[in-house]
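Remarks on the overall topology
Here are the chains, one letter per residue:
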Amino acid sequence: MDKHFEILISKGKKKHFNKGNILFFQGEKANKIYILLSGKVRIYKVNAKGFELTLHTLTPVNFIAEMPVFEGINYPANAICEQDCEICVFDFDEFKKLCLENGEFSFLLLTSLIGKIRILENFIRQKSLDLKSRLVSFLLENEEKLQNLKQKEIAVILNLPPESLSRFLKELKQNELICTNKGKIAILNKEKMKNLIKSF
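For the structure given in this document, a descriptive report is provided here. Predicted model only: the values in this text are computed from it and were never measured. (Residues numbered from 1 in each chain as written. Predicted model: local features only at pLDDT ≥ 70, side-chain atom pairs only at ≥ 80, totals over all residues. Heavy atoms only, no water.)

1. Comments concerning a nonpolar patch on the surface
Applied cut-off: Patches here: salt-bridge-free residues with over 30% relative accessible area, like charges joined within 9 Å, nonpolar side chains (Val, Leu, Ile, Met, Phe, Trp, Tyr) joined within 5 Å. Here, Shrake-Rupley sampling with a 1.4 Å probe gives the accessible areas, and only protein chains in the shown set may cover a residue. A side-chain nitrogen of Lys or Arg and a carboxyl oxygen of Asp or Glu constitute a salt bridge if their distance falls within 4 Å. Helix and strand definitions here come from DSSP, where helices need a minimum of 4 consecutive H or I residues and strands a minimum of 2 consecutive E residues; each element is numbered from the N-terminal end. Working definition: with a 1.4 Å probe on protein chains only, accessible area under 20% of the residue-type maximum means buried, over 50% means exposed, and in between means partly exposed.
On the surface, F107, L110 and I114 cluster together to form a nonpolar patch covering roughly 290 Å² of accessible area. Checked against the element boundaries, L110 lands in helix α4 (residues 103-127). Accessibility expressed as a relative area gives 46% for L110, which makes it partly exposed.

Here is the structure:
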């Protein structure tokens, strides 16, 4: 962990949240700065039909929904703990004062905001692809993380129905592009998968 993160975290209030706890709901006033120290937090929206659309899953160490707090707007999405989490919490005014006192804290926030912009760009790009190409693209971009991801988690991240994910994975296995072991996915032929995306 960056030493400036450690200093910043030492000044906040650490709180424990159980799996399934909601940090905030869409439409609530954004006035807290959250830093995820352990666990996973999923950011999602719910459409008119009640279907959850996952925007991103955050892992430590990471700011959570800092943009709406600084913009002075309500939270544009919901946040749920996917695992038991430890989170450092700051009141916005307190955090702003700390940033003014130490420019390194502002740099941490700026770095996080740039990362969120990249996440948004990737989300928009992924939504422009069809379901199969979204899956192949995701597998290639997250190859190092695949051994820690369950297929159910991948389906949630990509907003894919589980049956569609199973069907696409079966097709990739039949073409000897991937293999699975105890539900975990491994890429067998990266070049052919890259060519597959170009052909979609």
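Read on, since the account is not over.
2. Quick look at helix α7 (residues 162-174)
Basically, it comes down to this: Under the convention used throughout, the expected extent of a helix is 1.5 Å for every residue step, that is, one less than its residue count. As used here, the arc belongs to the directions running from the helix axis to the C-beta atoms.
For α7, built from 13 residues, the straight-helix expectation of 18 Å at 1.5 Å per residue is met to within 8% by its first-to-last C-alpha distance of 18 Å. Buried within α7 we find S164, L165, F168, L169 and L172. The buried residues of α7 occupy an angular sector of 130° when projected down its axis, which confines them to one face. Set apart from the buried face of α7 by more than 90 degrees, the exposed residues are P162, E163, K170 and Q174.

3. Overview of the pattern of salt bridges
Close approach of charged atoms lets side chains of opposite charge pair. Scanning the model with the defined rule gives seven salt bridges in all. In this structure, the salt-bridge partner of D91 is K32, at a minimum N-O distance of 2.4 Å. Here D91, found in strand β8 (residues 85-91), pairs with K32, found in strand β3 (residues 32-38); they are 59 residues apart in sequence, far enough to count as distant. Taking the relative accessible area as the measure of exposure, D91 reaches 37% and is therefore partly exposed. For K32, a relative accessible area of 28% translates into the label partly exposed. The closest approach of N and O atoms between K132 and E171, which form a salt bridge, is 2.8 Å. Residue K132 is found in helix α5 (residues 131-141), and its partner E171 is found in helix α7; the two are separated by 39 residues along the sequence. By relative accessible area, which is 31% here, E171 ends up partly exposed. Residues participating in the shared-partner salt-bridge network are R42, E52 and E82.

4. Some thoughts on unusual backbone geometry
Peptide bonds are, in most cases, trans, and in most cases residues other than glycine have a negative phi. Residues P60 and V61 are joined by a peptide bond in cis, for which omega reads -15°. In this fold, V61 is placed in the loop between β5 (52-58) and β6 (62-64). A positive phi angle is found at A65, which is not glycine, with a value near 50°. Here A65 is to be found in the loop between β6 and α2 (66-71).

5. Section: the nonpolar core
We count it as follows: What is meant by a nonpolar core is a set of buried Ala, Val, Leu, Ile, Met, Phe, Trp, Tyr and Cys residues, joined one to another through side-chain atoms within 4.5 Å.
Counting 35 residues, the largest nonpolar core has V41, I64 and I87 as the members making the most contacts within it. In this structure, L135, F138, F168 and L177 belong to the second largest nonpolar core, which totals 20 residues.

6. Concerning the packing of aromatic side chains
Put simply, the rule reads: Ring pairs shown here join Phe, Tyr and Trp side chains whose ring centres sit within 6.5 Å, with only the six-membered ring taken for Trp; geometry is labelled stacked below 30 degrees between planes, edge-to-face above 60, and tilted in between. Any Lys NZ or Arg CZ that is within 6 Å of a ring centre and within 35 degrees of that ring's normal is treated as a charge sitting over the ring.
If you walk through the whole model with that rule in mind, you get six aromatic pairs. When the ring of F63 is compared with that of F95, the centres are 5.9 Å apart and the planes differ by 80°; the resulting orientation is edge-to-face. Residue F63 is located in strand β6, and its partner F95 is located in helix α3 (residues 92-101); the two are separated by 32 residues in the primary sequence. F95 shares its class with F63; the two are buried. For the ring pair F90 and F95, a centre distance of 5.7 Å and an interplane angle of 65° mean the geometry is edge-to-face. A residue is classified by how much of its surface remains accessible, and F95, at 0% relative accessible area, is buried. Among the aromatic side chains, those forming a connected cluster through ring pairs are F63, F70, F90, F92 and F95. Across the ring face of F168, the terminal group of R167 is positioned such that the distance to the ring centre comes to 5.3 Å.

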